[in-house]
Amino acid sequence: MRLHVRRVLAAAVTMTVAGMTLTGCFEEPSAHEAVRDFLVGWQSGDYALAASRTDGDPTAVARALEDARVHLDAASFRFKIKSLTENGGESTADFAAEVDLGENNSLWEYTSKLPLHLVDGVWKVRWSPSVIHPQLHEGQRFAVEAKPEPRRSVLDRTGEPLQKDATLYVAGVTPVTLGDNAEKAVEQLAALTGFAQDRLLSRVRSAPPSTFVPLVTFGRLKFGQLESKLKAIPGVTIQEQKQPVAPAAPEQIVGTVSALTAETEQELGGPQRAGDSVGLTGLQKAYQDNLTGSTQTSVVTLDLKTGEQVAELKKWPGRPNAPVETTIDSTIQEAAEAALAGTRSATMVAVKASTGEVLAVSASHNLNEEKDALAGKYPAGTAFSIVAAEALLKKGVKPSQRLSCPAERSVGGARFEQVGLSATATQSFQSSFAKSCVTALASLARRVTGDELTGAAADFGLGKPWKLPLKSFSGKIAKLDSDADKARAIAGQNVEVSPLAMALVAGAVAKGTWRPPLLVVKPATPDPTAEVLPAKPPAPVTLDAKTLPVLQAMMRAGVTSGTAAAAATGGEQVSGITAPVTGKSKKQAWFVGWQGDVAVAVFAEEADPASYAGRFFSALRNPA
């Protein structure tokens, strides 16, 4: 919902007729003065002035004009004279009206006529309610009907909701039952809730008298605290509403929803009304305007005796709301939740390797799925060796090339230490890769240029300007000006990535093409009023056809003969590597790999991420 700015009252009514001003067009007595005084008085709220230029009872006319403003909950009236004709003692002014319906977020435009006649030599407006509007007659009043649509859901890839219904409690009134107690009831409700008393009262007065008017909405806890006090206010009744506001997994991606409060109403500006729900986090916040749409509003006339509608003068259908369709796979999400159940400081992202669609996002209870799994900035560790290996293979380095794996090594002045792996005299490049021997891998820095490493990183989407509707991080690689810089990059010490970015790297190796991530299929943009769609994501990048099968075999070796054996589950073949983060005090490590069309990245502290991947793939094979 966008901020609705109340329009400032004009200082005077525009008095233009066919391109020339009225001043001086008629001899005295002239209808010009009466028209001007009446419309200026009406527009500025000087109803006594307006009433004095009519032939009606001044008190009754002033009250009728004020009632029109109150019953429309109007922020302002503006008028423009279109023509003025005179025929003897009779005159007619044609005018256009613009009524700002304030928080109802609509500008009502209509045309009408002012009939005038001479009374004792003075021009007077011939008074009747139809002066206010041609279809307003004696015994009738205006009213504004607002019909908000229920909040729509965030959906998984099969169209199932990613949240459950929760009960909201709406405190409201039926104006006809309040009688003269409207102000007292609203005053007590405002004092209890913090909402502006004048705004609540305006909603009551502008609504059809026999219609329930929602004023304030509460969640379960807040309602429990205030229930007895609310029910003690004369005329206030409570209605229960079911809305899809309780998030299912991935909860922090779906996001939380709150009932509208006085504080959020002030922050958002308007035109929120009671009964509205407000997305606070995740997709619920990002797509707030899509999920809620805008309120359907109608201006109607009512019979004062029966309260029944006589005519609908204008209707604004509002902006339709729509669900948010995501790529989340609830079955795969359940597997991710099971894999990290009871863990600490671990995150996991699973994507569809062939499309880049985000299938699942999970995090330990002390981390956040959006901030840490999608947007976390973590050292890449030797997980970056996947990218580096592609560049090295292009340069002719063979998987069988023998490399030493000492406990320590210095490259260009940068020192590396192999932790958690017995140093060996020599082993192949493939074995060093599969076992993440950082001292062996760093020694290859001189075989590749800095531009070649950064180019490979770009091919795998690292640092590219892809975005999700939520916070996300595509990665960052430092300038590689020296052998030491390149060695640190191969070891992932000067490269930052997110679990999402590394899951996309795994998907690229699995299917041979890097693809940008996709989380939301529809709507196309979080802003339903945007005239320009968001920039297109980067184009997919096809990896080198000659090096791809070699790189895939090296990734498979990570499970069959390397340190990622725990990821194997006995089902469909799993490929991937475990990659420690070196040069840090915390014990951190990655698993980056895939099974079938599901690519996954796991980042964990003080734990084996391959074991979490194994749990995940096992849960996929044996869903609960």
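Being a predicted model, the structure only gives us computed values, none of them experimental.

Visitor: Would you mind showing me how to read the state of the cysteines here?
Guide: Two cysteines form a disulfide when their sulfur atoms are joined by a covalent bond. Going through the model one piece at a time under the given rule, you end up with 1 disulfide. Linked covalently through their sulfurs, Cys405 and Cys437 form a disulfide whose S-S length is 1.8 Å. Taking the torsion about the S-S bond as the criterion, the Cys405 to Cys437 disulfide, at about 110 degrees, is right-handed. Here Cys437 lies in the loop between helix 15 (429-434) and helix 16 (438-442) and Cys405 lies in strand 20 (residues 402-405), a separation of 32 residues in the sequence. As far as the burial class goes, Cys405 and Cys437 line up, both buried.

Visitor: Quick question: what am I supposed to make of the confidence of the model for the protein chain here?
Guide: Detailed reading of predicted coordinates is not advised where the pLDDT is low. For the protein chain, per-residue confidence averages 89 on the pLDDT scale, and 90% of positions sit at 70 or higher. Low pLDDT (under 50) marks residues 1-28, which in the prediction has 64 contacts with non-local residues, meaning those over four places away or in another chain. In the predicted structure, residues 268-275 sits below a pLDDT of 50 and forms 32 contacts with residues beyond four places in sequence or in another chain.

Visitor: Looking at this structure, how should I read helix 17 (residues 450-459)?
Guide: Residues lying three or four places apart along an α-helix face the same way, a consequence of the helix completing one turn every 3.6 residues. Among all positions in helix 17, only Gly450, Leu453, Ala456 and Ala457 are buried. All buried residues of helix 17 lie within an arc of 130 degrees about the axis, which places them on one face of the element. Contacts made by the buried residues of helix 17 are with helix 14 (385-394), strand 24 (476-477) and helix 18 (483-490). Positive backbone phi, approximately 80 degrees, marks Gly461, located one or two places after helix 17.

Visitor: Help me understand the nonpolar core in this model?
Guide: Counting residues in each nonpolar core, the largest one holds 87 residues, and the members touching the most others are Phe429, Leu500, Leu519 and Trp590. Looking at which element gives the most residues to this core, the answer is helix 19 (residues 499-511), with 10 residues. Counting 40 residues, the second largest nonpolar core, distinct from the first, contains Leu65, Leu72, Phe95 and Leu313.

Visitor: Where do I start with the sheet that holds strand 7 (residues 140-147) in this structure?
Guide: Strands pair in a sheet through their backbones, by hydrogen bonds, and they do so in one of two ways: parallel or antiparallel. One open sheet holds the 3 strands; their spatial order is 7-14-15, and the pairing between them is antiparallel. Strands at the two margins of the open sheet, each flanked by one partner only, are strand 7 and strand 15 (309-316). Sheet twist, expressed as the mean angle between neighbouring strand axes with direction ignored, is 25 degrees. Summarising the sheet, strand 7 and strand 14 (residues 296-303) pair through 8 bridges and their orientation is antiparallel. In the strand pairing of strand 14, Val144 is matched with Val299. Across the sheet, helix 3 (residues 58-72) is in contact with strand 7 and strand 14; its angle to strand 7 comes to roughly 15 degrees.

Visitor: So what exactly am I meant to see when it comes to the packing of helix 14 against helix 20 (residues 548-560) here?
Guide: A pair of packed helices is characterised by two quantities: the angle between their axes and the separation of those axes. Interaxial distance between helix 14 and helix 20 falls to 10 Å at its minimum, and their mutual angle equals 140 degrees. Regarding the angle of helix 14 to helix 20, the classification is oblique. The hand of the helix 14/helix 20 crossing is right-handed. On helix 20, the residues that touch Ile386, Ala389, Glu390 and Leu393 of helix 14 are Val550, Leu551, Met554 and Met555. Here the contact of helix 14 with helix 20 is built from residues that sort into 7 nonpolar, no polar and 1 charged.

Visitor: Hey, could you run me through the packing of aromatic side chains in this one?
Guide: Two numbers describe a pair of aromatic rings. These are the distance of the centres and the angle of the planes. Enumeration over the complete set of coordinates arrives at 13 aromatic pairs. Note on Trp108 and Tyr110: the rings are 4.7 Å apart at their centroids and 40 degrees apart in plane angle, and the pair reads as tilted. Neither Trp108 nor Tyr110 differs from the other in exposure class; each is buried. With a centroid separation of 6.4 Å and an interplanar angle of 75 degrees, the aromatic rings of Tyr378 and Trp590 are classed as edge-to-face. You can see Tyr378 sitting in strand 19 (residues 378-379) and its partner Trp590 sitting in strand 30 (residues 588-595), a full 212 residues away along the chain. Looking at Trp590, the relative accessible area reads 0%, which means it is buried. Aromatic ring contacts, followed pair by pair, group Phe38, Trp42, Phe77, Phe79 and Phe95 into a single cluster.

Visitor: How should I be thinking about the pattern of salt bridges in this particular structure?
Guide: In a structure, side chains of opposite charge can pair up when their charged atoms sit close to one another. Within the structure shown, the criterion is met by 17 salt bridges. In this structure, Lys231 and Glu227 form a salt bridge, with 2.7 Å as the shortest nitrogen-oxygen distance. Remark: Glu227 and Lys231 occur in helix 7 (residues 220-231); sequence separation between them is 4 residues, near one turn of the helix. Owing to a relative accessible area of 53%, Lys231 belongs among the exposed residues under this scheme. Residues joined by salt bridges that share partners form a network here, namely Glu33, Arg36, Asp37 and Arg53.

Visitor: Teacher, can you tell me more about unusual backbone geometry here?
Guide: Excluding glycine, most residues fall at negative phi; most peptide bonds, likewise, are trans. Between Ala249 and Pro250 the backbone carries a cis peptide bond, its omega angle lying at 0 degrees. For Pro250, the location among the structural elements is in the loop between strand 11 (237-247) and helix 8 (251-254). Of note, Asp73 is a non-glycine position whose phi angle comes to about 50 degrees, a positive value. Its location among the elements puts Asp73 in the loop between helix 3 and strand 3 (76-87). Of note, the phi angle at Ser436 is positive, near 55 degrees, even though the residue is not glycine.

Conventions adopted
Residues numbered from 1 in each chain as written. Predicted model: local features only at pLDDT ≥ 70, side-chain atom pairs only at ≥ 80, totals over all residues. Heavy atoms only, no water. Disulfide = S-S within 2.5 Å. Helix = DSSP H or I, 4+ residues; strand = E, 2+ residues; numbered from the N terminus. Buried < 20%, exposed > 50% of the residue type's maximum accessible area, 1.4 Å probe, protein only. pLDDT = per-residue confidence, 0-100. Contact = heavy atoms within 4.5 Å. Arc of directions from axis to C-beta. Core = buried A, V, L, I, M, F, W, Y, C linked by side-chain atoms within 4.5 Å. Pairing = 2+ DSSP bridges. Axes fitted to C-alpha atoms, helices over the stretch in contact; angles between N-to-C directions. Parallel < 35°, antiparallel > 145°, perpendicular 65-115°, else oblique. Left-handed = near helix turned anticlockwise from the far one by under 90°. Nonpolar A, V, L, I, M, F, W, Y, C, P; charged D, E, K, R; others polar. Phe/Tyr/Trp six-rings, centres within 6.5 Å; stacked < 30°, edge-to-face > 60°. Salt bridge = Lys/Arg side-chain N within 4 Å of Asp/Glu carboxyl O.

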